[in-house]
Amino acid sequence: MVDNPIIVALDLPTAEEAVRMAQRVAPHVGAFKVGLGLLHGPGPGTIDALVRLGRPVFVDAKLHDIPSQVEAAADKLGRHGARWVTAHVSGGAAMLEAACAGLDRGSGGAQAGILGVSVLTSLAEADLHRIGIQRTPGQLVGKMAKVAETAGCEGLVCSPLEINVVRQAAPSLARVTPGIRNEASGDDQARVATASDAMDRGATYLVVGRPITRAPSPETAAEKILAEISSR
Ligand code: C5P
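Let us look at the structure shown here.

What counts and what doesn't
Residues numbered from 1 in each chain as written. Predicted model: local features only at pLDDT ≥ 70, side-chain atom pairs only at ≥ 80, totals over all residues. Heavy atoms only, no water. Buried < 20%, exposed > 50% of the residue type's maximum accessible area, 1.4 Å probe, protein only. Helix = DSSP H or I, 4+ residues; strand = E, 2+ residues; numbered from the N terminus. Arc of directions from axis to C-beta. Contact = heavy atoms within 4.5 Å. Near = heavy atom within 4 Å. Polar contact = N/O pair within 3.5 Å; in protein donor to acceptor, adjacent residues only side chain to side chain. Areas by Shrake-Rupley, 256 points an atom, 1.4 Å probe, with all protein chains shown as cover.

1. Observations regarding helix α1 (residues 15-25)
At step 1: Listing the buried residues of α1 in full gives Ala15, Ala18, Val19, Met21, Ala22 and Val25. With its buried residues spanning 160 degrees around the axis, α1 presents them on a single face.
At step 2: On its buried side, α1 packs onto β1 (6-9), β2 (31-34), α2 (36-40), α3 (45-51), α10 (210-213) and α11 (218-230).

2. Points about the site of the ligand
At step 1: Neighbouring the ligand are 17 residues, the closest being Asp11, Lys33, Thr121, Arg181 and Arg210.
At step 2: Measuring from a nitrogen atom of the ligand, one finds a side-chain N or O atom of Thr121 at 2.8 Å.
At step 3: Measuring from an oxygen atom of the ligand, one finds a backbone N or O atom of Arg210 at 2.7 Å.
At step 4: Considering the ligand on its own, with 470 Å² of exposed area, one finds that the protein chains cover 89% of that surface.
At step 5: Elements with a contribution of two residues or more to the shell around the ligand: β3 (57-63), β8 (205-208) and α10.

The values reported here are purely geometric and, on their own, carry no functional implication.
Right, here's the structure in full:
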């Protein structure tokens, strides 16, 4: 198991709030995640501010475009110090290869890797059918895992329910798992599990946002999740 597998999703409105939250929970988490709200609002300077706190920064840019554009974006994010950058596997193998090449160049020798985004944890099977995909999330994630591995990705973002499929299809990939919930939360996540259950299923990293950032005490919430997975 990596030292501390918790990646806290800092989905807050401003860079200042994200940095303040990062400082509060830093003793209990392994890495910080910057998502679309921060990247498109305060901007990529948020990455630099978080890198200065001395933890790996996961840039959840969810890149999906023609390969040359994705390569350029991954290169830029690498220059800001991103340890991981996400790219949608549905963009295809050539796009993922371009993302890997761009990040490699931009990070200038620092450790960095692309994580493929498989099927969003907010989507259920019925949502896939509505957009014309007549497969279960598990079937689709299995196919995507193979493509991501061959293209040179470091890992795959998948729901807790598909970790095993990824292990079987592409054993070299790190399994990065959002959708962590300790009770029915009534929010927009559909395919969820508890932190210990996700670790038992073989997650390498857990991405946890609102259960920490919206808790009355984010420090205590992060500490509890870490204690829960450490005592397994
Ligand atoms: O607040 P919550 O714990 O639901 O946050 C989960 C985080 O993981 C969000 O930042 C979301 O963008 C991200 N994520 C996800 N499903 C994916 C990929 C990323 O929920 N497949």
